[in-house]
Amino acid sequence: MWHQRTIRFWLICLVIACVLPVTLAAGFMIVHSYRQNTASVGQSTVATTRALIQAVDAELYGVQSALQALATSPHLSSGNLEGFYGQAREALTVLTGTNIVLTDPAAQQVLNTLRPFGAPLPRHGQPDVVRRILETGEPVVSDLFLGPVVDNWVFVVEVPVLANGKIIYTLAMGITPDRLSGILRRQNIPPSWVAAIFDGTGIIVARTHAPDQFIGKKGAAEFVRRFTEVAEASIETTTVEGIPIFSSFSRSPRSGWTVGMGIPLADLTADARQSIAFNAAIAGTMLAMGCLAAAIFGARISRSIRRLSAPALALGSPGLPSIPVTDIIEIDEVGQALVRASHLIALRERERLQREAETREAVVAKQVAEQANRAKSEFLASMSHELRTPLGAISGFAQLLHGAGDALARDRQIRYTENIMTASEHLENVINDILDMARLEAGHVKLDLETLDCLEIMTEASRTLELQARKRGIVFTVDTSANLPLVTADRTRLIQVLLNLGSNAIKYNIPGGWVQLSAIPVGSMVRFIVRDTGPGIRPALRDQIFQPFNRLGAELTQVEGTGIGLALTRRLVLAMNGRIDFESTEGEGSKFWVDLPAADEGAPTSAKVATPLPAATPLARNTVLYIEDKIPNLELMRGVVENAGGIRLLDAQTVKDGIAIARSVKPDLVITDIHLSDGKGFDVLQSLREDPSTAHIPVVALTADAMQANMNNMKRVGFDYILTKPFKIAELVNLLRSRLPSQPGPLDP
């Protein structure tokens, strides 16, 4: 009967059983050892040459990166070649090249750090390199050549120099073979081995043996032919001295250069012969004994271990695993450890589930808090802009009227007053929408549900919508052909819902488009439908359409709005026991509908109107450019400038037009709103500062985003002054006097 033994005992037996067959197998395998050794050396030397060519590439493309950085020098873009010459000489002390050369597209050297600035220079030593750069626009590493100025073997790393998207020069640094020879020397290659670096044509650039004799000469013909055919390989060949070698090489896919390494065949075969003689002595008889012992002992160990598979797989299951008894002490100890592990796993699982639950609760709480903070910040930012913009126009025009008194011409009084009325009406609508939203959220809106005549309600709403449509050149129609029942709703709120949907359809329509208001019975409901031929709504934005303060990108256009209308409309419809939905096809238009409960009886009606704006164009001595996409604000600025006198006001309503006018006219001062239809005031500032011809012009930010964080950001990016809406006219006039060059007095009539 077997006695219990330690696992070490069985492992020793197993090691003996493995070593014997391996020894016997080695005897049989020794016949192939030379080829295997050769293949192994080939793989090793190929790996070494690959590493070496990567080191060469790193050296070359490190120089290339430095030259590309140098090629962006402001001296080059401004044409200051003497300044660039000094910069190139300084860079050369770091890059450790022979010289830096600037060449024009005709392959004529413009400057060379080996010659004084302005000295006569020869043509480029490798004109084909210049041609390749002009054709491809990519950096080039040349082959080895005899430099006309250096008068020595060199190669160059050359990059294009761009200006306005065109190549105006090439910038090159000459490098001597000594720099690459250092890479070979650092490899500690055995003295009898030969390593060399070849350029794309097979010319020797660096070599460990007799470099002075062979640099600049062609490598062995068979070796060069082979590495031009394949990127990596090992072959038996001869050196340029005629020594038989086993050679490996690797060619760079980037530069086309190659690193080769050769081992004399005499060195390679010496060890193989000794191994064959030694291992042949221990071949033969122990193969059968080793295989038999390995089979017996291995089977015994594997049987005992397999008996623990089922208990191990049961870990984590309810209950304790059943552990079998074996004749190996260590395996029995493992079985007991599995029992203890089962206890620990159950305990850890309970702890993990508890931690996950706590983590989920903490994450949800954090997300709720962050969402609340975001919503608060977004609300404040949106309201700041929407309230301050009309308020700025009201305040400014009121100041103009007050300051001018009776001296102001009647047509300008009317114009300023109409602008105040328009801005006031917009401000009133914004405030009313906000208050309605707040009341609905708080549950304080009281609805007077009554039985209403659908056609009467549609007729009343259409009066206001027709006026809006006519002003914008939109065709508005009402379809009253359906036989409609009475509807149960709050009269005022139902008209408000139809006006909101109709106003949106008109505001966001295309020029010459149409809007239709209609109604049809749908089961026990009456469906009011507003169709339009607008640009439609992208499917990706569908879920955002009823979100408060979300205008789906319309805030970047000149169409006024707060993003509250549809959210308010939805809440009103739900409060009247109805439902709202829409269909939209991008590029074709949208259809919004509201379903409200039908009733048996009918009832009354009501309506509301708005006002437009004119324009003016003064002419004077100093020039101010005002970039603003809101017409009332443009009118206000025009009024201030007219009163100030001596100033010509130019205006633009987009970032693109503003930048173009600034570059063309070179105004004395630029005032820009921060939020424009095609970008931001920051874009205006950046473009003017980047252009040397406009970099000196003072730029003033005019914004309704009066939150401190936004003000600090505007100062940080470089605005010369910041005005907040509504601005004080006195402050603006003082700004004009201080910022405009030698501000003249008012113009003569």
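Being a predicted model, the structure only gives us computed values, none of them experimental.

## As for the sheet that holds strand β10 (residues 244-251)
Alright, step 1. Read from one edge to the other, the open sheet built from five strands follows the order β8-β7-β11-β10-β9, with strand pairing classed as antiparallel. Unpaired on one side and paired on the other, β8 (204-207) and β9 (232-238) mark the two borders of the sheet. When the angles between neighbouring strand axes are averaged without regard to direction, this sheet yields 25°.
Alright, step 2. Bridge analysis of strand β7 (residues 194-198) against β8 gives three bridges, and the strand direction is antiparallel.

## A look at the nonpolar core
Alright, step 1. Val56, Ile100, Leu102, Leu171, Leu180, Ile197 and Trp257 are the most contacted members of the largest nonpolar core, which totals 54 residues.
Alright, step 2. Examining the composition of this core, we find that eight residues originate from one element, helix α2 (residues 33-70), more than from any other.
Alright, step 3. In contact with leucine 180, not counting residues within four places along its chain, are Val56, Glu59, Phe155, Ile197, Val205, Ala206 and Trp257.
Alright, step 4. Judged by nonpolar contacts, the second largest core, of 43 residues, contains Ile495, Ala505, Ala519 and Leu572.

## Observations concerning the packing of aromatic side chains
Alright, step 1. Evaluated as defined, the whole model comprises eleven aromatic pairs.
Alright, step 2. Taking 4.8 Å as the distance between ring centres and 70° as the angle between the ring planes, the aromatic pair formed by phenylalanine 155 and tryptophan 257 counts as edge-to-face. Here phenylalanine 155 is found in strand β5 (residues 153-163), whereas its partner tryptophan 257 is found in the loop between β10 and β11 (258-264), with 102 residues between them in sequence.
Alright, step 3. A residue is classified by how much of its surface remains accessible, and phenylalanine 155, at 0% relative accessible area, is buried.
Alright, step 4. Relative to phenylalanine 223, the ring of phenylalanine 198 lies with its centre 5.5 Å away and its plane at 50°, an arrangement referred to as tilted. Residue phenylalanine 198 is located in strand β7, and its partner phenylalanine 223 is located in helix α8 (residues 221-229); the two are separated by 25 residues in the primary sequence. Neither phenylalanine 198 nor phenylalanine 223 differs from the other in exposure class; each is buried.
Alright, step 5. Here a set of aromatic residues connected by ring pairs shows up, and it is made of Phe198, Phe223, Phe227 and Phe249.
Alright, step 6. Here the guanidinium or amino end of arginine 254 rests over the ring plane of tyrosine 61, the centre of that ring lying 3.8 Å away.

## Observations regarding the environment of glycine 219
Alright, step 1. Note on placement: glycine 219 falls in the loop between α7 (211-214) and α8.
Alright, step 2. Of the residues examined, glycine 219 reaches a relative accessible area of 9% and is grouped as buried.
Alright, step 3. When near neighbours in sequence (up to four residues on either side) are disregarded, glycine 219 contacts Phe198, Gly202, Ile204, Val224 and Val240.

## Points about helix α17 (residues 631-644)
Alright, step 1. Over its 14 residues, α17 extends 20 Å from the first C-alpha to the last, a length consistent with the 20 Å expected when each residue adds 1.5 Å.
Alright, step 2. Counting buried positions over the 14 residues of α17 gives ten, a clear majority of the element.
Alright, step 3. Of the positions making up α17, those classed as buried are Pro632, Asn633, Leu634, Glu635, Leu636, Met637, Arg638, Gly639, Val640 and Val641.
Alright, step 4. Once α17 finishes, glycine 645 follows within two positions and takes phi at roughly 75°, a positive value.

## A few points about the environment of asparagine 419
Alright, step 1. Along the chain, asparagine 419 falls in helix α13 (residues 410-442).
Alright, step 2. As for asparagine 419 and proline 632, which are separated by 213 residues in sequence, their C-alpha atoms are 5.8 Å apart.

## Here we look at the packing of helix α18 (residues 655-665) against helix α19 (residues 681-690)
Alright, step 1. In contact at an axis separation of 10 Å, α18 and α19 are set at 30° when each is read in the N-to-C sense. When the axes of α18 and α19 are compared, the pair comes out roughly parallel. Between α18 and α19 lies a crossing whose hand is right-handed. In this structure, α18 uses Val655, Ile659, Ala662 and Arg663 to contact α19, whose residues at the interface are Asp683, Val684, Ser687 and Leu688.
Alright, step 2. When the residues that make up the contact of α18 with α19 are grouped by side-chain class, the tally is five nonpolar, one polar and two charged.

## Topic: the confidence of the model for the chain
Alright, step 1. A residue-level look at the chain finds 80% of positions with pLDDT of 70 or above and a mean pLDDT of 81.
Alright, step 2. The low-confidence segment residues 602-620, where pLDDT is below 50, has 62 contacts with residues more than four positions distant or belonging to other chains.
Alright, step 3. Contacts of residues 745-749 to residues separated by more than four positions or lying in other chains number twelve contacts, the stretch itself having pLDDT below 50.

## Some points on the sheet that holds strand β21 (residues 669-673)
Alright, step 1. Pairing in this open sheet of five strands is parallel, and the strands run β20-β19-β21-β24-β25 from one edge to the other. Only two strands of the sheet have a single neighbouring strand rather than two, namely β20 (647-652) and β25 (721-724). The sheet shows a mean angle of 20° between the axes of neighbouring strands, direction not considered.
Alright, step 2. As judged from the four bridges shared by strand β19 (residues 622-627) and β21, these two strands associate in the parallel manner. Looking at the pairing, isoleucine 627 lines up with threonine 672 of β21.
Alright, step 3. Seen against the sheet, α17 touches β19, β20, β21 and β24 (699-703) and runs at an angle of roughly 170° to β20.
Alright, step 4. Its contacts with the sheet place helix α20 (residues 708-717) against β24 and β25, and it is angled at close to 155° to β25.

Calculation notes
- Residues numbered from 1 in each chain as written.
- Predicted model: local features only at pLDDT ≥ 70, side-chain atom pairs only at ≥ 80, totals over all residues.
- Heavy atoms only, no water.
- Pairing = 2+ DSSP bridges.
- Helix = DSSP H or I, 4+ residues; strand = E, 2+ residues; numbered from the N terminus.
- Axes fitted to C-alpha atoms, helices over the stretch in contact; angles between N-to-C directions.
- Core = buried A, V, L, I, M, F, W, Y, C linked by side-chain atoms within 4.5 Å.
- Buried < 20%, exposed > 50% of the residue type's maximum accessible area, 1.4 Å probe, protein only.
- Contact = heavy atoms within 4.5 Å.
- Phe/Tyr/Trp six-rings, centres within 6.5 Å; stacked < 30°, edge-to-face > 60°.
- Lys NZ or Arg CZ within 6 Å of the ring centre and 35° of its normal.
- Expected span 1.5 Å × (residues − 1).
- Parallel < 35°, antiparallel > 145°, perpendicular 65-115°, else oblique.
- Left-handed = near helix turned anticlockwise from the far one by under 90°.
- Nonpolar A, V, L, I, M, F, W, Y, C, P; charged D, E, K, R; others polar.
- pLDDT = per-residue confidence, 0-100.

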